[in-house]
Amino acid sequence: MGIKVLIIEDEEKILSLMEDFLQTEGYNIVTAKDGKTAVSRFEEHKPDIVILDWMLPQMNGLDVCRYFRQIGEPGIIMVTAKTEETDKIVGLEMGADDYLTKPFSLRELSARIRSLLRRMNRSDSGVQSNVLPGAI
Ligand code: CA
């Protein structure tokens, strides 16, 4: 068992950085590089936490987020390169629980996940804080 995290990101380098880092922290990782794959992975794996990139091929992050909210109750952290306040507000209104703007550090990502798990009353035992954060 353990906490399952679905990472949805079309930029391969960023995806693998996040995947490697969160794996070392003890999470079970599932990945997707586009919206449609993300939906099928979600249905198959029922992740606890979703890290969702805003700009995706096929379905954008907002549509994916809205869909996840209809079919499950994951904690959703939206990731975007956009910095406008309005985008942040739209993301939160569409059901994201938290929001990260690129560039962000892996340590910040990790802290957001733990804080979200606490709010969801999920145990994060078995998950360790990584002492070597890298930047994305
Ligand atoms: Ca992207």
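Residues numbered from 1 in each chain as written. Predicted model: local features only at pLDDT ≥ 70, side-chain atom pairs only at ≥ 80, totals over all residues. Heavy atoms only, no water.

### Here we look at the environment of glycine 95
Inspection of the secondary structure puts glycine 95 in the loop between α4 (85-93) and β5 (98-101). Exposure remark for glycine 95: the relative accessible area of 17% places this residue in the buried category. Sequence separation between glycine 95 and isoleucine 76 is 19 residues, and the spatial gap between their C-alpha atoms is 7.6 Å. In this structure glycine 95 touches Cys65, Arg69 and Ile76, once residues within four positions along its chain are discounted. (Helix = DSSP H or I, 4+ residues; strand = E, 2+ residues; numbered from the N terminus. Buried < 20%, exposed > 50% of the residue type's maximum accessible area, 1.4 Å probe, protein only. Contact = heavy atoms within 4.5 Å.)

### Quick word on the coordination of the calcium ion
When a metal carries six donors in an octahedron, the ideal angles between them are 90 or 180 degrees, while four donors in a tetrahedron ideally lie at 109.5 degrees. Surrounding the calcium ion are the protein donor atoms Asp10 (OD), Asp53 (OD) and Met55 (O), at 2.0 to 2.4 Å. Each donor residue of the calcium ion lies on one chain, and together they are spaced D-x42-D-x1-M. Taken together, the residues aspartate 10 in the loop between β1 (4-8) and α1 (12-24) and aspartate 53 in strand β3 (residues 49-53) connect sequence positions 43 residues apart. (Donors = N, O, S within 2.8 Å, 3.2 Å for Na, K, Ca; no water.)

### Observations concerning the sheet that holds β5
If you walk across this open sheet you meet the five strands as β2-β1-β3-β4-β5, and the pairing is parallel. With one partner strand each, in any of the chains shown, β2 (28-32) and β5 form the two edges of the open sheet. Direction aside, neighbouring strands of the sheet carry axes that sit 20 degrees apart on average. Where helix α2 (residues 35-45) meets the sheet, it contacts β1, β2 and β3, and its direction lies at approximately 150 degrees from that of β2. (Pairing = 2+ DSSP bridges. Axes fitted to C-alpha atoms, helices over the stretch in contact; angles between N-to-C directions.)

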